[in-house]
Amino acid sequence: MSEQSFQTLGEFIIDKQEDFLYSTGELSRLLSAIRLASKVVNRQVNKAGIANIIGKAGNENIQGEEQQKLDVLANEIFIEALSQREVVCGIASEESDDFIEIQASCNAHLSKYVVLIDPLDGSSNIDVNVSVGTIFSIYRRVSEPGTPVILEDFLQKGVNQIAAGYVVYGSSTMIVYTTGNGVNGFTLDPSLGTYYLSHPNMMFSRTGKIYSINEGNYIKFPQGVKDYIKYCQREEEDRPYTSRYIGSLVSDFHRNMIKGGIYIYPSTSQSPNGKLRLLYECNPMAFLAEQAGGKCTDGFQRIMEIQPTELHQRVPFFCGSYDMVEKAEAFMREA
Ligand code: AHG
Ligand code: MN
Ligand code: MN
Ligand code: MN
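Residues numbered from 1 in each chain as written. Chains lettered and ligands numbered in written order. Predicted model: local features only at pLDDT ≥ 70, side-chain atom pairs only at ≥ 80, totals over all residues.

Moving on to the sheet that holds strand β13 (residues 261-265). Across a sheet, strands are paired by hydrogen bonds formed along the backbone, either parallel or antiparallel in direction. Read from one edge to the other, the open sheet built from five strands follows the order β12-β11-β13-β15-β14, with strand pairing classed as mixed. In the strand order of this sheet, the two ends are held by β12 (242-243) and β14 (295-297), each with one partner. Bridge count for β14 against strand β15 (residues 317-320) is three bridges, and the pairing is antiparallel. Bridge pairing in β15 links Cys-296 to Cys-319. Running over the sheet, helix α9 (residues 322-334) touches β13, β14 and β15 and is turned about 150° from β15. (Pairing = 2+ DSSP bridges. Helix = DSSP H or I, 4+ residues; strand = E, 2+ residues; numbered from the N terminus. Contact = placed C-beta atoms within 7 Å. Axes fitted to C-alpha atoms, helices over the stretch in contact; angles between N-to-C directions.)

This is how it looks when you write it as structure tokens:
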């Protein structure tokens, strides 16, 4: 097949707009803004080594993480693209202390969507030229249109998501997203700057053979996770499984969705809520996983049913092929 025979992301968005799901065109414009911002970030990621943008920015984000230069840059690029186009009324980001109200014009207040974003996921991998990503999550505001956004617009359960997706800046750059009607993946042709539908209707296989977890933290894991890891390593039936851990959630998730597998970032003795952020990382990935036939929990409870209480909240995270997540949960219950 040649490029001419693939549907472009732009065509796909317009086609889907006719779905009863989102007919006003507002969500289409929002998705187009994300598509554009992702291309700008992609350009920066691609030339990071020669553009003096690798390394630390010299400050910490509100969660106490050292920000990389590209964390800051990607955050600015997405916020600018979304606010200039007036396609959202508010933005919350891993890299911004508080949520941002879009005041560009009165019109912006009439926009009904808020976006939550992890502008650069896996940022510790930039300096070593390993895949990084962007994760986004879209909700309809709960406050009155035409008024400034409030915290409650962002602290919604994942089940309320209208759309979610990620960009993986990998050996090729892809955007993968859902609007609640399956998951589709688009690959960027960098010479044309166009995304093409390359992975229609992506699905997790029911089970898989890959487990992804930072095993260096083994000693700090809860007993249920330790037991599950030993189960993965036992020589029995289709085991031992293969261990794969990139250290960029987006890339680890993407591989597991294509090949079948489980990703775990559990609680640890030092971090009882784990590391990953409920609003910017776990909920969007959970929406994608469930739309692709997978499962996503905190070890006991469905991620998307957790009521968030703060913007930068963290939560333990078990995500991937349905039967594998169920098995890990069984070990958690038993321990
Ligand atoms: P971010 O770069 O957005 O802060 O996210 C990093 C996350 C996630 O991408 C990855 O899976 C995880 O941190 C890796 O953590 P460890 O280095 O503790 O394994
Ligand atoms: Mn970070
Ligand atoms: Mn992240
Ligand atoms: Mn990040």
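Let us now look at the pairing of strand β3 (residues 90-93). Side-chain alternation along β3 places Gly-90 and Ala-92 on one buried face and Ile-91 and Ser-93 on a second face that is also buried. Both β3 and strand β4 (residues 100-101) contribute to a ladder of two bridges, which runs antiparallel. Directly across from Ile-91, in β4, lies its bridge partner Ile-100. Counting the residues that bridge the hairpin from β3 to β4 gives six residues. (Buried ≥ 20, exposed ≤ 12 C-beta atoms within 10 Å, placed from the backbone.)

A few words on the environment of Thr-179. Summarising the element assignment, Thr-179 is placed in the loop between β8 (173-178) and β9 (183-189). As for Thr-179 and Ile-138, which are separated by 41 residues in sequence, their C-alpha atoms are 9.2 Å apart.

A separate point is α9. For α9, with 13 residues, the first-to-last C-alpha span of 19 Å sits near the 18 Å given by 1.5 Å per residue. Looking at α9, one finds that the buried residues are Tyr-322, Met-324, Val-325, Ala-328 and Met-332. Along α9, the residues classed as buried sweep out an arc of 165° about the axis, all on the same side. For α9, the exposed residues set more than 90 degrees away from the buried face come down to Arg-333 and Glu-334. Tucked into the core, α9 has its buried residues touching α6 (223-233), β13, β14 and β15. (Expected span 1.5 Å × (residues − 1). Arc of directions from axis to C-beta.)

Around ligand 1 sit Glu-65, Glu-94, Asp-118, Asp-121, Gly-122, Ser-123, Asn-214, Gly-247, Ser-248, Leu-249 and Lys-275, and those are all the residues in its vicinity. Residues of the shell around ligand 1, tallied by class, amount to one nonpolar, five polar and five charged. (Near = placed C-beta within 6 Å. Nonpolar A, V, L, I, M, F, W, Y, C, P; charged D, E, K, R; others polar.)

Below, the discussion takes up the pairing of β15. If a strand is regular, its side chains alternate between the two faces of the sheet. Neither face of β15 is open: one carries Phe-317 and Cys-319, the other Phe-318 and Gly-320, and all of them are buried. As defined by bridge partners, β13 adjoins β15 across four bridges and the pair is classed as antiparallel. Within β15, the residue paired with Tyr-265 across the bridge is Phe-317.

Moving on: the sheet that holds β3. Pairing in this open sheet of eight strands is mixed, and the strands run β4-β3-β5-β6-β7-β8-β9-β10 from one edge to the other. With partners counted over all chains shown, the strands left at the sheet margins are β4 and β10 (194-199), one partner each. Sheet analysis places β9 next to β10, joined by five bridges and oriented antiparallel. Paired with Phe-186 across the two strands is Leu-197, which belongs to β10.

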